[in-house]
Amino acid sequence: MDPLTGLRRRLGALRLGKKLQRPRVSIQVWLTALFLFVTALACVTAYSIVTGTIGEILERSAERSFEQAVGNQFEDQTQPGDPSITEQSIARFAANRGVSWGIVRGETGERVRGNLTDFDRGVVTEALAARQSETGLMAIGGNESGDRTLATYASPIEVTGEENAALVFSRVYTESDLNVDTALQRINRLALLAGTLALLISGFSGYVVANLISRRLNRLDGAARRLASGNFDERITTRVEDEVGSLGATFNAMASSLKGAFRQLQQEKTRSQAILDGMTDAVVGVDRDLNATFLNPRARELLENSEPAFHERLQEVLAKSRFSGGPVAEPEVEAGDRIIEVRAAPLEDGALAILRDVTEERQVERAKAEFIANASHELKTPLFALSGYLEMMEDEEDEETRRDFLKAMRGATERLQNLAKTLLDLSRLDANAVTFRLEEVDLEELLHGLKRDFAYTGREIRLHLEGDVPPVRTDPTQLHRMLAILLDNALKYSGGPEGTAPVDVHLRREDGHATVSVRDRGCGIPQTEIRHIFERFYRAQGSSRADGTGLGLALAWEIAQHLGGDICVESEPDVGSTFTVELPLDDGAEGLEERAPQRSNVS
């Protein structure tokens, strides 16, 4: 499907979704409501705080008024120890001020003299403890006249016959006497008036501000709708550098970016179309119903010249990929006298298949396999004949000559036999006719055995072994053969029997794999040839320094693949090469790690 069409559909769906949304509330309304709510909340909070504080202030004022009218005047008129202080003078002082009086014992709170009926015993206790006068107010409940407050004044006094006594004056006040409620009601009226005025001012201010913001946002909304309809030249002019102005600048940048993106998308579409038209592979695209939506020229040509059976097979592969949700590969599908490799992958709205003509590749592979099989067969007869001649020559009288000759003949025979065996093994591997017997293999023991097998060369082979490599589950015979090929190559390309450079073999554990690296100090491999060295019959530049057929590394690579591993090479001309074999460590091998002997040495 056209990418531009798809994007426009999504934009259209977005516009439709907007139409189906609930009716929106104007920003003027909710901003004005927000201003009013904040102002009301502030007024209520301030009122609750101020009212409580003013009530406490009024109560303290009443307490100080009682203390000045009774306590301070009594203390000013009398002095401690004054003989003129008598019950008559105290009673006269209390009557003139409309309060009750009495002398109270500190221990029991019992009145021993006076007309005192109600008093705050806590004030008396504090006065006697501090040995100074104290004043206090206490609410004592209400009656038909309203809530009442008990005012108490207490001062220590010396009375004959009483060791710890206090002179107490008290009076019960009503709300009208204290005048607190009248003051609070006046304050409430003023607060209500101020709050109403604040709400009116806040509402008007909020509406003006909301109207200014709403007009600017409506301009932005209209521009966005025109942009969504496909007008990518739409721009917004901003005069105020605030958040809304920044949003407008961002909108302009987005519009420019979208315009460039659509232009680039169109260019990419044209470029992709040109690439697909020029591909030598056939490309087929289908929709959800497996109807063809795209065919490049190569696909059109292939389908026009193929039989209906090929069309049905291609449709089956596409359907399998479409409904399985994953890629599907069909290595060989016959299309007349051609062999087609089909690779299909699912798409969001269908599937895509790439058809590659692999007829020539398959023919080359079959030709190589046939050549290897034929060569192996043809070499068997002369090899067996040569072995028979060697047996007859054992009767030669000149023992020294006979032995030297026989040794050379046996060496040639072994090389021919190795060639035949290599060719035969490659053919069997290609045909999956080789049975791999898996078992747990200790790589350290295998490498030590490999070193002993090559001891006849007289060359130095150094083993570098890490102790944390557990056994691997593999075929020991095939693994030994693969490593022997690599080690034999390393010895050959490091000077052969006359060479002196050592060959290093490293065993280590890396990223869940056991790796065996064989490093030589030979002529190296040019970088341009490294990707070809595992091809059959290929010999890199400089390989004439050693005997070889170009099949050893190919056989080693085939064995590594069948063992579930891999071979990689790093090389530098005139420095040497390092071949690394990676073998997977399965769960069983991981579990054997603790039982494996911990050894780390160089030998």
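Residues numbered from 1 in each chain as written. Predicted model: local features only at pLDDT ≥ 70, side-chain atom pairs only at ≥ 80, totals over all residues. Heavy atoms only, no water.

Draft legend 1. Inspection of the packing of helix H13 (residues 476-492) against helix H14 (residues 552-562) at higher detail. Two numbers describe how H13 lies on H14: the axes approach to 9 Å, and their chain directions differ by 145°. Remark: the crossing between H13 and H14 carries left-handed chirality. Contacts between H13 and H14 involve Gln478, Arg481, Met482, Ile485, Leu486 and Asn489 from the former and Gly552, Leu553, Leu555, Ala556, Ile559 and Ala560 from the latter. (Axes fitted to C-alpha atoms, helices over the stretch in contact; angles between N-to-C directions. Helix = DSSP H or I, 4+ residues; strand = E, 2+ residues; numbered from the N terminus. Left-handed = near helix turned anticlockwise from the far one by under 90°. Contact = heavy atoms within 4.5 Å.)

Draft legend 2. The packing of aromatic side chains, seen in detail. This model, assessed by the stated rule, comprises four aromatic pairs. Within the aromatic cluster, the residues linked to one another by ring pairs are Phe93, Tyr153 and Phe169. (Phe/Tyr/Trp six-rings, centres within 6.5 Å; stacked < 30°, edge-to-face > 60°.)

Draft legend 3. Expanded view of the nonpolar core. Core analysis: the biggest nonpolar cluster contains 48 residues, and Leu447, Met482, Leu483 and Phe579 have the highest contact counts within it. The element that contributes the greatest number of residues to this core is H13, accounting for nine residues. Apart from residues no more than four positions distant in its own chain, Met482 is found in contact with Ala556, Ile559, Ala560, Leu563, Ile567 and Val581. Counting residues in hydrophobic clusters, the runner-up holds 21 residues, among them Val328, Val333, Val342 and Ala351. (Core = buried A, V, L, I, M, F, W, Y, C linked by side-chain atoms within 4.5 Å. Buried < 20%, exposed > 50% of the residue type's maximum accessible area, 1.4 Å probe, protein only.)

Draft legend 4. A look at the pattern of salt bridges. Throughout the structure, instances matching the rule amount to 14 salt bridges. Across the salt bridge formed by Arg105 and Glu110, the nearest N and O atoms sit 2.8 Å from each other. Note that Asp504 and Arg521 form a salt bridge whose closest N and O atoms lie 2.8 Å from each other. With a gap of 17 residues between them, Asp504 in strand S14 (residues 503-510) and Arg521 in the loop between strand S15 (513-519) and H14 connect regions that are remote in the sequence. A cluster of three or more residues bridged by salt bridges with shared partners is formed by Glu341, Arg343, Arg356 and Glu361. (Salt bridge = Lys/Arg side-chain N within 4 Å of Asp/Glu carboxyl O.)

Draft legend 5. Region of the structure containing the packing of helix H12 (residues 443-453) against H13. Packing of H12 against H13 brings their axes to within 11 Å, and their N-to-C directions diverge by 50°. Of the possible angle classes, the one that applies to H12 and H13 is oblique. Two packed elements cross with a definite hand, and for H12 against H13 that hand is right-handed. Here Leu443, Leu446, Leu447, Leu450 and Asp453 of H12 lie close against H13, whose contacting residues are Pro476, Leu479, His480, Leu483, Ala484 and Leu487. (Parallel < 35°, antiparallel > 145°, perpendicular 65-115°, else oblique.)

Draft legend 6. Structural context of unusual backbone geometry. Positive phi, close to 50°, is recorded for Asp511, a residue that is not glycine. Counting through the fold element by element, Asp511 comes out in the loop between S14 and S15. For Asp511, a relative accessible area of 77% corresponds to the exposed category.

Draft legend 7. Focus on H14. Restricting attention to buried positions, one finds in H14 the residues Leu553, Ala554, Leu555, Ala556, Glu558, Ile559 and Ala560. In the segment just after H14, Gly564 is the residue with positive phi, at about 80°.

Draft legend 8. A look at the confidence of the model for the protein chain. Put simply, the protein chain has an average pLDDT of 76, and 75% of its residues get 70 or more. Across the protein chain, S15 holds the top mean pLDDT of 93, while helix H15 (residues 587-591) sits lowest at 42. Across residues 13-21, where pLDDT falls below 50, the model places two contacts with residues more than four positions away in sequence or in other chains. Low pLDDT, under 50, characterises residues 588-603; the predicted model gives this stretch 36 contacts beyond four residues in sequence or across chains. (pLDDT = per-residue confidence, 0-100.)

Draft legend 9. Structural view of the environment of Ser202. Considering the arrangement of structural elements, one finds Ser202 in helix H6 (residues 180-228). Using a relative accessible area of 9% as the deciding quantity, one classes Ser202 as buried. Separated by 166 residues in the primary sequence, Ser202 and Leu36 have C-alpha atoms spaced 6.1 Å apart. In this structure Ser202 touches Phe35, Leu36 and Thr39, once residues within four positions along its chain are discounted.

Draft legend 10. Quick look at a nonpolar patch on the surface. A cluster of nonpolar side chains, Leu34, Phe37, Val38 and Leu41, forms an exposed patch at the surface whose accessible area comes to about 390 Å². Among the structural elements, Phe37 can be located in helix H2 (residues 27-77). (Patch = residues over 30% accessible without salt bridge, like charges linked within 9 Å, V, L, I, M, F, W, Y side chains within 5 Å. Areas by Shrake-Rupley, 256 points an atom, 1.4 Å probe, with all protein chains shown as cover.)

Draft legend 11. Local environment of the sheet that holds strand S8 (residues 328-335). Spatial ordering of the open sheet is given by S7-S6-S10-S9-S8, a layout of five strands whose pairing is antiparallel. Looking along the sheet, the strands with just one partner apiece sit at the ends: strand S7 (292-295) and S8. Strand-to-strand twist in this sheet, taken as the mean axis angle between neighbours without regard to direction, amounts to 25°. Pairing of S8 with strand S9 (residues 338-347), which is carried by six bridges, proceeds in the antiparallel orientation. Paired with Ala329 across the strands is Arg343, a residue of S9. With respect to the sheet, helix H8 (residues 297-304) is in contact with strand S6 (282-287), S7, S9 and strand S10 (350-357), its orientation differing from that of S6 by roughly 85°. (Pairing = 2+ DSSP bridges.)

Draft legend 12. Quick look at the pairing of strand S12 (residues 461-465). Only one face of S12 is covered, namely the face carrying Ile461, Leu463 and Leu465; the face carrying Arg462 and His464 is uncovered. Relative to S14, S12 runs parallel, the two sharing five bridges. Looking across to S14, one finds that His464 is bridged to His506.

Draft legend 13. Main features of the pairing of S6. With respect to burial, S6 is a largely interior element, five of its six residues being buried. Pairing between S6 and S10: six bridges, direction antiparallel. Note on S10: the bridge partner recorded for Asp287 is Gly350. Where S6 lies against S7, three bridges are found, and the strand directions are antiparallel. What sits directly across from Gly285, in S7, is Phe294. Taking the residues between adjacent antiparallel strands as the criterion, S6 and S7 are bridged by four residues, where Leu290 takes a positive phi near 65°.

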